[in-house]
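Secondary and tertiary structure notes
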Amino acid sequence: MSIFTPTNQIRLTNVAVVRMKRAGKRFEIACYKNKVVGWRSGVEKDLDEVLQTHSVFVNVSKGQVAKKEDLISAFGTDDQTEICKQILTKGEVQVSDKERHTQLEQMFRDIATIVADKCVNPETKRPYTVILIERAMKDIHYSVKPNKSTKQQALEVIKQLKEKIKIERAHMRLRFLLPLNEGKKLKEKLKPLMKVVESEDYSQQLEIVCLIDPGCFREIDELIKKETKGRGSLEVLSLKDVEEGDEKFE
Amino acid sequence: MVLNGVDKMSQLQKNTANIRNICVLAHVDHGKTTLADCLISSNGIISSRLAGKLRYMDSREDEQVRGITMKSSAISLHYAEGNEEYLINLIDSPGHVDFSSEVSTAVRICDGCIIVVDAVEGVCPQTQAVLRQAWLENIRPVLVINKIDRLIVELKFTPQEAYSHLKNILEQINALTGTLFTSKVLEERAERETESQVKTHSEQGDQVYDWSTGLEDADDSQLYFSPEQGNVVFTSAIDGWGFGIEHFARIYSQKIGIRKEVLLKTLWGDYYINMKAKKIMKVDQAKGKKPLFVQLILENIWSLYDAVLKKDKEKIDKIVTSLGLRIGAREARHSDPKVQINAICSQWLPISHAVLAMVCQKLPSPLDMTSERVEKLLCTGSQTFESLPLETQALKAAFMKCGSEDTAPVIIFVSKMFAVDAKALPQNKPRPLTQEEMAQRRERARQRHAEKLAGAQGQAPQGSTQDGGALLASPQGDEPRGDEPDVASVSPQPVPQEESSQEAFIAFARVFSGIARRGQKIFVLGPKYSPVEFLQRVPLGFSAPREDLPPVPHMACCTLESLYLLMGRELEDLEEVPPGNVLGIGGLQDFILKSATLCSLPSCPPFIPLNFEATPIVRVAIEPKHPSEMPQLVKGMKLLNQADPCVQVLIQETGEHVLVTAGEVHLQRCLDDLRERFAKIHISVSEPIIPFRETITKPPKVDMVNEEIGRQQKVAVIHQTKEEQSKIPEGIHVDSDGLITITTPNKLATLSVRAIPLPEEVTQILEENSDLIRSMELLTSSLNEGRNTQALHQKTQEKIWEFKGKLEQHLTGRKWRNTVDQIWSFGPRKCGPNILASRSEDFQNSVWSGPAGRESKEAGRFRDFGNSIVSGFQLATLSGPMCEEPLMGVCFVLEKWELSKCAEQGSSDKQNQEECDPTGEGQEEGKTCPSGSENQEQQDSHSEETSAKGESPVTDCYGPFSGQLIATMKEACRYALQVKPQRLMAAMYTCDIMATSDVLGRVYAVLSKREGRVLQEEMKEGTDMFIIKAVLPVAESFGFADEIRKRTSGLASPQLVFSHWEVIPSDPFWVPTTEEEYLHFGEKADSENQARKYMNAVRKRKGLYVEEKIVEHAEKQRTLSKNK
């Protein structure tokens, strides 16, 4: 008994199509799923691991191979492999599930890392761990937006997390040096912006060391510059006011 | 049911000579708790039928479930022998390695111990450990060889075989004791030698070396276990029998008519009896005569077992009648032979009698405490007793006397704190109601009823309804508990913390001298307290009330709020506790963390710290399942820390809460405790975060197959050439020797930076002096402000010069010429182990120059921008290019930096305007910058630099200039690193392992599997223990302790301490390039690269891009659902 096996027919499964329009025509190549992004980022170097077949198509799903003349008119060559490489690097890709998934996961982690880096637990002045932030982000059902920078998203996340757990931006420690006569007036204005005033010294100048929320830095800076006409100064003592070193419970 | 009430016990407590404080020690599963059960049942606290099954001392649920003891707990027993009545404070201890700290706490407050050994398993690792612990604490041991029944039933030994087996075990134990003894003698000798050497140096006289080891002179006859001395008992706790030689000697001296003394000496050993001559002779092995022990003792027991197991009714009856026992009908008819054996044996040879008699005879009472032990307890570390203050030395007499007069100083040692459910405290427990109480209740109920009736009739005035409400409320609270404050009750007040937490802490303690009374004021001396300090601060003969004393570190004053008699899981209230007793003290949780010494005199030194066999080494990070439950977790961990002698709890800089435990089982228990008792929340446990450092090295001379690089002509196909270039974007110029030249986006400034690896010594110096660097930084910044701070401390100044000198000494050679003078800053955080040096000509901001350089006006041109450069450097060192971990041991040299005219103009303009007051300009983070999207990255990075200093009027489309400079500097540093061979640095533990010679091989196997390196191994003199010193990467240490214990069956115990950072030699970016390397490693070569493994793990954790294929083999993900 013999089974009919079509030898001239190659069936492609698991295809990710990469398209490119050139010279008014559409060209497609058949690639493996989850591989194109890897090729573009340079992780995958073996072309055969990316391309299912080296031929260039007009329509992959119908199996229509591009005509030689079209290829020459569009790419100036009929070397299929070269054209495939060009299409791979410049064509439009379908991002497949795993690729998207890893990208989102990576962004999620990245956001959590940024949040953990910027924030502290206001009670202990110690940072939260990334894992904890990740869990909290899942709790508030935060969904990552792939076309927004992770940094912006991190700031959004902080706002949302504040409702859920005790979290705060790590304070910035600043030192102001203000001329005495304007100092008092200015201090009143600065008051709502400062979180904690650590020391005040009225010797020759008004010197204030305080903690502020990093978000108000620009405001404070402008205020000081405007009010003192450049005679007051402001210095950043530390970017993040966090506890250093390990603490043993005793 | 309970034979002895509290009154009886407190009566017994007063007779110090008849108190025995003992603990039961053994390897895990050798029957400590079962033995304790048997002893407890003799007091009628539990039924003798349940003894061995109930495990009364295992009060925790997980102890019962797992079948191992996890904590030491005490119980007081009564034992009468003849006219003497004894009080035995028995402490059961855990046998598992993980809980050896609990053993330490038990051993400290005892005078003697029972070592239990399984007759089948013999001497096990923990047996050795506990023997050593008992030895170190100077307490006297007695031996119980348990589970003799297993020799009969399981191994089916003949009595003769059993005898030789037992003899073997005894020899093993004695050998161990001998080793401990010799090592001690040798140590003493070594001490003597060092002393004598000191003397010879001073005398310069000729000296004859004393070759004798001192072993011959030392008396060790009292040391060994032997049945004829009466310190060995053979038992089967599960069947409830046990005997010492003496018991049989007494029986047979009557029966055979040989003197008891003779029998005592000969019952154990190779002697046989000649029945006809009634003489005892030495055994001649050839004749096949049975030793006395076999013939007279073992064979009888064997025949009994034989009869019962074969259910030979007649024979059993015969034996029973001949022994004069009465067996209950129920037991006799029972089909399980175990029950019958138990019934017969526990009457014939009651185990409690055998063991307790031995304890009372052989173990010392609190009065007999040796002076050696007292001195050892009082002298911490290398101190000698003579060096203690006189007042303290005087206390020794009190210890020895153990007096109960009112004048005797009260000395109590608290060896651990344990948590009990507040409900279990005697004052909170429901008590049977007295007649009076019942009458009161009835009265109240009637009243309430009446009021209710009145209310229902609607005639009640408002006042009375209120009254009724109040009355209603109070009985509701009280009734179910049956405990009312107004009713005559012993407890003065409920425990204060009861409301906040349901856990009350009780101190596990022993009175060494004086009488502890409830309500007494007493000093609490922490482990670090020094009586010398006190005597210095407080004038002699002080008479002020204790509250008015000046504060002395590690000392507090407190009241003994409540005293308890420890009865296993029960606690009984006591009014006072005479000396020599074990007790529980309530209300000390705010004063004592884990252990402390309580004393009525401040001249008492704290006892030496407990000697823990196992130090905590298993580290895990703990987090609440719900982030909002953080406070509960922290509170719970604090409680846990107090309740467990051996646990360590800490918060790391990363914000992780880390729990350090002695082993996996211990960890499990701690987690259970946290979940169910202390924190009552869900927690998740994970591997702690492992820190790394990044650094660069000199380019390697040889490649991975040890071929010299450069000589090879046949370089195989190189993938990297393409890669190398792709790393560095356009617009950055790279020299052949790694000089990076980069221009800011607005083309105003150009920086040239080079990265050079620092020599190892320099890195080390920088690490050590980070505090000094920090103070230097503070100083210069305050001087920079133009403020006159207090003059530089002379000492600090000296230190700074010394530090500089050291740096100069190590930074020699052409490459480093003048570098020390050119140091501009350290990083990260301005005090780290990285250096920024500037080689531009007009550089004046050296860290050494202090205020002078900074004040000069000429520096003004660059100064404001200088701050930006330093900030850029700080950021670059804080997170390296490999996995955003801090850098270490890198020197960045700023070769030159140029500002184009425009920028200079701007800065000088600004100076004119603002009189060189540096004002800050930062960007509010996250605000989208007006600039185009192509510099998003730059914007991002310098918006982070809120430390931006130096006002920049030249704001263009790229944002403020200072920000650009910071970003550019940071980028320059990163690229400068990337063109050099980068390496990861791993944190390393030093690892001390004690192991016996037979498991040495396995220790090595585990070490090498985990990338450990052995530095040295040494044999401990006088023992067969080896001490191995090794280093192990922290990254590989998770589960290390457990693995090594498992592989060596507990014979090796490691200790891990963080020691240093070490460069991992392999290049994380390495790929094979030469033909040889291809041959050797294959094309991918990612299997062996440790550094890359670490790097990728960190990057993945942080959500950074990892060069990893999502799918390794494209073909394999094909779905073959349709059959085509």
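Report on the accompanying structure. Just so you know, these numbers come straight off a predicted model, no measurement behind them. (Residues numbered from 1 in each chain as written. Chains lettered and ligands numbered in written order. Predicted model: local features only at pLDDT ≥ 70, side-chain atom pairs only at ≥ 80, totals over all residues. Heavy atoms only, no water.)

All right, on to the pairing of strand β1 (residues 19-26) of chain B then. Residue and element names in this part refer to chain B. Counting buried positions along β1 yields 8 of 8 residues, so the element is predominantly enclosed. The sheet contact formed by β1 and strand β3 (residues 84-92) spans 6 bridges and is parallel. The partner of V24 across the bridge, within β3, is D92. Direction of pairing for β1 relative to strand β4 (residues 112-118): parallel, over a ladder of 5 bridges. Across the sheet, the residue bridging to L25 is I115, located in β4. (Buried < 20%, exposed > 50% of the residue type's maximum accessible area, 1.4 Å probe, protein only. Helix = DSSP H or I, 4+ residues; strand = E, 2+ residues; numbered from the N terminus. Pairing = 2+ DSSP bridges.)

Quick look at the sheet that holds strand β27 (residues 749-757) of chain B now. All names here are of chain B. With mixed pairing, the 6 strands of this open sheet are ordered in space as β25-β26-β27-β30-β29-β28. Where the open sheet ends on each side, the last strands, each with one partner, are β25 (733-734) and β28 (823-827). Here strand β26 (residues 739-743) pairs with β27 via 5 bridges, running antiparallel. Considered in β27, the bridge of T743 is made with T750.

Its place among the elements puts E219 of chain A in helix α8 (residues 217-228). For E219 of chain A, a relative accessible area of 47% gives the class partly exposed.

A few words on the packing of aromatic side chains. All names here are of chain B. All chains considered together, the criterion is met by 22 aromatic pairs over all chains. With a centroid separation of 6.1 Å and an interplanar angle of 5°, the aromatic rings of W241 and F243 are classed as stacked. Here W241 falls in the buried class, since its relative accessible area comes to 0%. Overall, the relative accessible area of 1% leaves F243 in the buried class. Centroid distance F512 to F607: 5.2 Å. Interplanar angle 70°. Geometry classified as edge-to-face. (Phe/Tyr/Trp six-rings, centres within 6.5 Å; stacked < 30°, edge-to-face > 60°.)

Here we take up the pattern of salt bridges. Where side chains of opposite charge bring their charged atoms close, a pairing between them can arise. Residue and element names in this part refer to chain A. Inspection of the entire model under this criterion finds 51 salt bridges over all chains. A salt bridge links K35 to E49; the shortest N-O distance between them is 3.9 Å. Taken together, the positions of K35 in the loop between β2 (25-32) and α1 (36-41) and E49 in the loop between α1 and β3 (57-59) put the pair 14 residues apart, joining distant regions of the chain. A residue is classified by how much of its surface remains accessible, and K35, at 1% relative accessible area, is buried. The exposure class of E49 is buried, given its relative accessible area of 19%. Its salt-bridge partner being R109, residue E134 comes within 3.1 Å of it at the nearest N-O pair. Of the two residues, E134 is situated in helix α5 (residues 130-139) and R109 in helix α4 (residues 97-118); the sequence distance between them amounts to 25 residues. Taking relative accessible area as the criterion, E134 reaches 12% and is therefore assigned buried. Owing to a relative accessible area of 25%, R109 belongs among the partly exposed residues under this scheme. (Salt bridge = Lys/Arg side-chain N within 4 Å of Asp/Glu carboxyl O.)

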